[in-house]
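Chains, contacts and geometry: an overview
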Amino acid sequence: MADDGVTIRPLRTDDDYDAQMDLAERAFGVKAADERAAWPERITPLIEGGAYFGAFAGERPAGAALFYDMRQWWCGRAVPMAGVSGVKIAPEDQGRGIGRRMMSALLDEIAARGFPLSALYPATVAFYRTLGWELAGGRYTAVLPARSLRSFVPGDAALDEAGGDGPLPSLRRAGPDDAAAVIDVTGRAHEAARDCGPVTFDVTTTAFRLRKPDTYAYLCDDGFVAYWWENGNDDLFIPGIRAVSAQALRSLWSVIASHATIAETVRAWTGPVDPLWWLAQEEDGKMDRRWMWMLRVVDAPGAIAARGFPSAVTLHVPLIISDQIRPANSGSWMLSVADGKGQLAATTAGTSVVPLRLGARGLAALYAGTPLASLRLAGLAAHGDRDTDAALDAAFAANPYMLDGF
Ligand SMILES: CC(C)(COP(=O)(O)OP(=O)(O)OC[C@H]1O[C@@H](n2cnc3c(N)ncnc32)[C@H](O)[C@@H]1OP(=O)(O)O)[C@@H](O)C(=O)NCCC(=O)NCCS
């Protein structure tokens, strides 16, 4: 317990659920009815797994935060990632440093569990920046008239069967028992696309999502879609379509198209360069919103080793990283990339090249593919040899996105 009487510890299953719900409702201003109903199935495993932390002023809950055990794809390779969510401090306890202490404890736990990365959707960017998270990618919402999806542009005839006009795979309805298959096909889709940013949840959370009564889900060997209706039956909402093959993608979209006589509008979370824009007959959809998410490099050597890199890039660049919150990341390093793999090795030997200097935020932004020119202009990178900037840009090149919220 600190001098101010505040204790930070993992929640226990015998902690008062109602007091936690009251805290969530006071901090977020909405009745957490869904979360209340979901607590036994969704939240209890997180508590049992030590992934849900609380701050207590005496006995009273003063704050809480949790993380999900996730995988995030970086250049087509799955990197273990702790997805932080539900961060809140009671109104009367805010601004006293409790949030910072609680998140530092959560970050220590995330590091102790061996997650090299953590990501979150910020309600306030400034708070998380003080802890080393930085803006990294977006979740994009495309909005289209449903009727535009009734037919897609055929594959280019010049390409014969390679254009995507082969037989469409048949789909089957998916439910909670398919959680492992959904995670598998989602991962294969992101690997094949060499995606940067998309995530998968663990089996329990995926099954929970597939069990939601309003969710319809379809699966084939090479693809998966889930969706639900909104505003009565005016709108369809699709939190992402994942497909390994062009045929699977068309087959999954055909499920959505089947509703085009009833639904007015389709809203879908997509990537910024989603194939949808090249499939749609007309250019009458728009990108409605980009919701930025933030990334934290928790373990710099681990994160570099786990990430994919373009196989054409070879480089050796000296770095000096300063990370006060995760001091193990600090120091002099040699970043090497070759054969699609990266390595960050501690170095004491001086080089003739002036090292590039990064803090925790600059490291996160670089990892997520932010070009060096932007990092330098934003004050997140300094020194280094500008001749190596282009090679670093090529190594980390990414347009990161996510198809999930948490
Ligand atoms: C955001 C929140 C968790 C921060 O907790 P807190 O205990 O008030 O924050 P702290 O007192 O520990 O502040 C830590 C640092 O973040 C900064 N900070 C905190 N809240 C901030 C805000 N809303 N805007 C800008 N900076 C903020 C503080 O200035 C402080 O910076 P410093 O360490 O450089 O002095 C808390 O205010 C809260 O629960 N807000 C309502 C719910 C919410 O928005 N949750 C976030 C969901 S993603």
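Remember, it's a predicted structure, so these values are computed and weren't measured experimentally. (Residues numbered from 1 in each chain as written. Predicted model: local features only at pLDDT ≥ 70, side-chain atom pairs only at ≥ 80, totals over all residues. Heavy atoms only, no water.)

**Some words on the side chain of D235**
Stated precisely, the cut-off is as follows: Counting from the N terminus, the helices are DSSP H or I runs at least four residues long and the strands are E runs at least two residues long. Throughout, exposure labels follow a simple rule: accessible area from a 1.4 Å probe, protein chains only, divided by the maximum for the residue type, with under 20% read as buried, over 50% as exposed, and the rest as partly exposed. None of His or the chain ends enter the tally, which takes Lys and Arg as positive and Asp and Glu as negative. Salt bridges are counted wherever a side-chain nitrogen of Lys or Arg sits within 4 Å of a carboxyl oxygen of Asp or Glu. In the analysis that follows, any N or O atom pair within 3.5 Å is treated as a polar contact, provided that within protein one partner can donate a hydrogen and the other can accept it, and provided that, for residues neighboring in sequence, both atoms belong to side chains.
Along the polypeptide, D235 turns up in strand β11 (residues 235–238). One buried charged residue, D235, forms no salt bridge at all, with the nearest opposite charge on R267 at 5.2 Å. In this structure the side chain of D235 is engaged in a polar contact, spanning 2.6 Å, whose partner is the side chain of N231.

**Examining the sheet that holds strand β16 (residues 331–338)**
For clarity, the threshold we go by: Here a strand pair is declared whenever DSSP counts at least two bridges between the two strands. Here the axes come from fitting lines to C-alpha atoms, over the contacting stretch only for helices, and the angles between their N-to-C directions go from 0 to 180 degrees.
One open sheet holds the five strands; their spatial order is β17-β16-β15-β18-β19, and the pairing between them is mixed. A single partner strand is all that each edge strand has here, and the edge strands are β17 (341–346) and β19 (381–383). In this sheet, neighbouring strand axes are inclined to one another by 30 degrees on average, regardless of whether the strands run parallel or antiparallel. Looking at chain direction, strand β15 (residues 315–322) and strand β18 (residues 356–359) are connected through four bridges and run parallel. Across the sheet, the residue bridging to I321 is L358, located in β18.

**Observations regarding unusual backbone geometry**
Positive phi, close to 50 degrees, is recorded for C75, a residue that is not glycine. Here C75 shows up in the loop between β3 (60–74) and β4 (77–89). According to the relative accessible area criterion, C75 is buried, its value standing at 15%.

**Considering the packing of helix α5 (residues 179–192) against helix α6 (residues 203–211)**
Rules: In what follows, roughly perpendicular refers to angles from 65 to 115 degrees, roughly parallel to angles under 35, roughly antiparallel to angles over 145, and oblique to any angle outside these ranges. In this description, contact between two residues means that some pair of their heavy atoms is separated by no more than 4.5 Å. Under the scheme applied, nonpolar residues are Ala, Val, Leu, Ile, Met, Phe, Trp, Tyr, Cys and Pro; charged residues are Asp, Glu, Lys and Arg; polar residues are all the others, including Gly.
With their axes 8 Å apart at the nearest point, α5 and α6 run at an angle of 105 degrees to one another. As the angle between them shows, α5 and α6 are arranged roughly perpendicular. Two secondary-structure elements touch here, α5 through A179, V182 and I183 and α6 through V203, T206, A207 and L210. Of the residues that constitute the contact of α5 with α6, the class distribution is six nonpolar, one polar and no charged.

**Considering the nonpolar core**
Worth spelling out the cut-off: We call a set of buried Ala, Val, Leu, Ile, Met, Phe, Trp, Tyr and Cys residues a nonpolar core when their side-chain atoms join them within 4.5 Å.
Formed by 82 residues in total, the largest nonpolar core has its most connected members in L295 and Y367. If one sorts the elements of this core by residue count, β3 sits on top with seven residues. Ignoring anything within four residues of it in the chain, the contact list for Y367 reads W74, V79, L117, L295, V297, A303, I304, R307 and F396. Ranked by size, the runner-up nonpolar core spans 22 residues in total, among them A146, F152, A263 and L276.

**Points about the packing of aromatic side chains**
Put simply, the test is: Centres within 6.5 Å are what make two rings of Phe, Tyr or Trp a pair, Trp counting through its six-membered ring; a difference in plane orientation under 30 degrees is then read as stacked, over 60 as edge-to-face, and the rest as tilted.
One pass over the structure, following the stated rule, counts 17 aromatic pairs. Plain terms: the ring middles of W74 and Y367 are 5.4 Å apart, the flat faces sit at 75 degrees to each other, and that makes the pair edge-to-face. One end of the pair, W74, is in strand β3; the other, Y367, is in helix α10 (residues 360–367), with 293 residues separating them in the sequence. With a relative accessible area of 0%, W74 lands in the buried category. Y367 gets classed as buried once you look at its relative accessible area, which sits at 1%.

**Here's the deal with the domain arrangement of the chain**
Using the following cut-off: Annotation comment: domain bounds sourced from an automatic or database domain assignment. Summed over both partners, buried area is the accessible surface (1.4 Å probe) that two parts give up on being assembled.
By domain assignment, the chain separates into domain 1 (6–132), domain 2 (139–292) and domain 3 (299–396). Taken over C-alpha atoms, the centre of domain 1 sits 29 Å from the centre of domain 3. Between domain 1 and domain 3, roughly 1,300 Å² of surface is buried when both sides are summed, and carbon and sulfur atoms account for 64% of that area. By the criterion of area lost to domain 3, the three top residues of domain 1 are W74, R77 and P116, representing 39% of everything that side buries. Linking domain 1 to domain 3 there are one salt bridge.

**Description of the site of the ligand**
How we decide: One heavy atom within 4 Å of a molecule or strand makes the whole residue count as near it. Surface accessibility follows the Shrake-Rupley procedure with a 1.4 Å probe radius. Residue values consider only the protein chains on display as shielding.
Every one of the 20 residues lining the ligand counts as a neighbour, but I89, G95, G97, G99 and R100 are closest to it. In the model, a nitrogen atom of the ligand is placed 3.3 Å from a nitrogen or oxygen of the T124 side chain. Surface burial for the ligand is 66%, taken as the share of its 910 Å² of free accessible area covered by protein chains. Counting only elements with at least two residues in the shell around the ligand, the list comes to α1 (17–28), β4, α3 (98–112) and α4 (125–129). Grouping the constituent residues of the shell around the ligand by class yields 11 nonpolar, six polar and three charged.

**Quick notes on helix α7 (residues 246–257)**
In an α-helix there are 3.6 residues to a turn, and that puts residues three or four apart on one side. Defined as follows: Every helix has an expected span of 1.5 Å times one less than the residues it contains.
Taking 1.5 Å per residue as the helical rise, α7 with its 12 residues ought to reach 16 Å, and the 16 Å between its terminal C-alpha atoms agrees with that figure. Taken residue by residue, α7 has Q247, A248, L249, R250, S251, L252, W253, V255, I256 and A257 as its buried positions.

**A word on the pattern of salt bridges**
Taken as a whole, this structure holds 22 salt bridges when the rule is applied. For D93, the salt bridge goes to R96, with nearest N and O atoms at 2.9 Å. Taken together, the shared-partner salt bridges in this structure form one network comprising R60, E92, D93 and R96.

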